[in-house]
Amino acid sequence: MRKKIVAANWKMNLTLAQGEQLVNDIVNAGIKLAEDQVVVIAPPFPYLLKVKQLIRNYPGICLAAQNCYSEKSGAYTGEISAEMLQSVGADYVILGHSERREYFHETNAQLAKKIDLALANGLQPIFCCGEPLEVRKAETQNAYVAQQLQESLFHLDAAALKNVVIAYEPIWAIGTGLTASAQQAQDMHAFIRAQIAEKYGREAALGISILYGGSAKPSNARELFACADVDGGLIGGASLIAADFTAIIQSF
């Protein structure tokens, strides 16, 4: 049974005090999680230990980092290794987010190295993929996303892939005023699952969680999560507001 996941990506937002209040509001909201449901909170690096302390008594609520470096250790001032994240209690790590690809020029090859290091250190990668507007307009989004999967994930064996979560980000629908419909989300999620099935078999494809990362909010989360191949969401702006984030969780 694949997991239903709602992940909060705070990005570079909130002070420590604001982050503590947000987590407290979420855990005190009376959310009832089913056995197959997981909430993931990804604060900025300085807050990881504090958030871990705040959620430690709440089964089903997990900690994620927003990134890790592509080398094990060494003279890389300002970078954070997968081993460091594991040592402070992180459960997941977000890799390949569209902002990391755009602003920091992360490549598929670099992300393959990050995936390997995350898995080697017991972290579950939330691997982000998705196409920009010019690719969607050219109707080549399937080939674009397939290449991301092939170059960053498909070197793994089936046993390793089971520990990966995929998040589809239609970059063209994030902060642009354009909106991806539930059908467009479902179509791409189904395509991603079909790519996995072709490479690893149907059972592997049915077991992997694929999240939607295209500006999900309380008003559209229920429709999105009802899609057959959408297993939850990677939430940005709405994860910074406790009422909105808890409403999205309850959309399951």
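Overview of the structure.

About the criteria used
Residues numbered from 1 in each chain as written. Predicted model: local features only at pLDDT ≥ 70, side-chain atom pairs only at ≥ 80, totals over all residues. Heavy atoms only, no water. Helix = DSSP H or I, 4+ residues; strand = E, 2+ residues; numbered from the N terminus. Buried < 20%, exposed > 50% of the residue type's maximum accessible area, 1.4 Å probe, protein only. Contact = heavy atoms within 4.5 Å. Areas by Shrake-Rupley, 256 points an atom, 1.4 Å probe, with all protein chains shown as cover. Lys, Arg positive; Asp, Glu negative; His and termini not counted. Charge placed at Lys NZ, Arg CZ, Asp CG, Glu CD. Expected span 1.5 Å × (residues − 1). Arc of directions from axis to C-beta. Phe/Tyr/Trp six-rings, centres within 6.5 Å; stacked < 30°, edge-to-face > 60°. Lys NZ or Arg CZ within 6 Å of the ring centre and 35° of its normal. Core = buried A, V, L, I, M, F, W, Y, C linked by side-chain atoms within 4.5 Å. Pairing = 2+ DSSP bridges.

1. Some points on the overall build of the protein
Looking only at helices and strands, the protein features 12 helices and eight strands. With the C-alpha coordinates of the protein rotated into their principal frame, the extents come out at 45 × 45 × 35 Å. Classification of the 252 residues of the protein by burial places 51% in the buried group. Across the protein, every contact between residues at least 6 apart in sequence was considered, and the portion connecting residues at least 24 apart equals 71%. Total accessible area computed for the protein in this model is approximately 11,700 Å², and 51% of it derives from carbon and sulfur atoms. One way to put it: in the protein the 21 positive side-chain charges average out to a point 4 Å from where the 25 negative ones average out.

2. Points about helix H1 (residues 16-27)
Along its 12 residues, H1 runs 17 Å from first to last C-alpha, staying within 8% of the 16 Å computed at 1.5 Å per residue. Regarding H1, the residues found buried are Gly19, Leu22, Val23, Ile26 and Val27. Down the axis of H1, the buried set is contained in an arc of 125 degrees. They therefore lie on one face. Looking at the packing, one finds that the buried side of H1 touches strand E2 (37-42), helix H2 (48-55), strand E3 (61-65) and helix H12 (242-249).

3. Section: the packing of aromatic side chains
If you walk through the whole model with that rule in mind, you get four aromatic pairs. On the numbers, 4.9 Å between centres and 50 degrees between planes, the contact of Tyr69 with Tyr76 is tilted. Positioned above the aromatic ring of Phe104, the side-chain terminus of Arg100 is 4.0 Å from the ring centre.

4. Notes on helix H11 (residues 218-225)
If you check which residues of H11 are buried, you get Asn220, Ala221, Leu224 and Phe225. Projection of H11 onto a plane perpendicular to its axis shows the buried side chains occupying an angular sector of 130 degrees, all on one side. Exposed and oriented more than 90 degrees from the buried face of H11 are Ser219, Arg222 and Glu223. Where H11 is buried, its residues meet strand E1 (4-9), helix H9 (182-200), strand E7 (210-212), strand E8 (232-235) and H12.

5. Remarks on the nonpolar core
Core analysis: the biggest nonpolar cluster contains 66 residues, and Leu149, Leu153, Ile166, Ile192 and Ile196 have the highest contact counts within it. With seven residues, H9 is the largest single contributor of residues to this core. The contact partners of Ile166, leaving out residues within four places of it in the chain, are Phe127, Cys129, Leu149, Leu153, Ile192, Ile196, Ile208, Ser209, Ile210 and Leu211. Val40, Ala42, Ile94 and Ala167 belong to the second largest nonpolar core, which has 15 residues in total.

6. Notes on the pairing of strand E5 (residues 124-129)
In terms of burial, E5 is largely enclosed, as five of its six residues are buried. Across four bridges, the pairing between E5 and strand E6 (residues 165-168) is parallel. Opposite Ile126, over in E6, you have Val165 as the bridge partner.

7. Section: unusual backbone geometry
Notably, Leu14 is not glycine yet its phi reads approximately 75 degrees, a positive angle. Among the structural elements, Leu14 can be located in the loop between E1 and H1.

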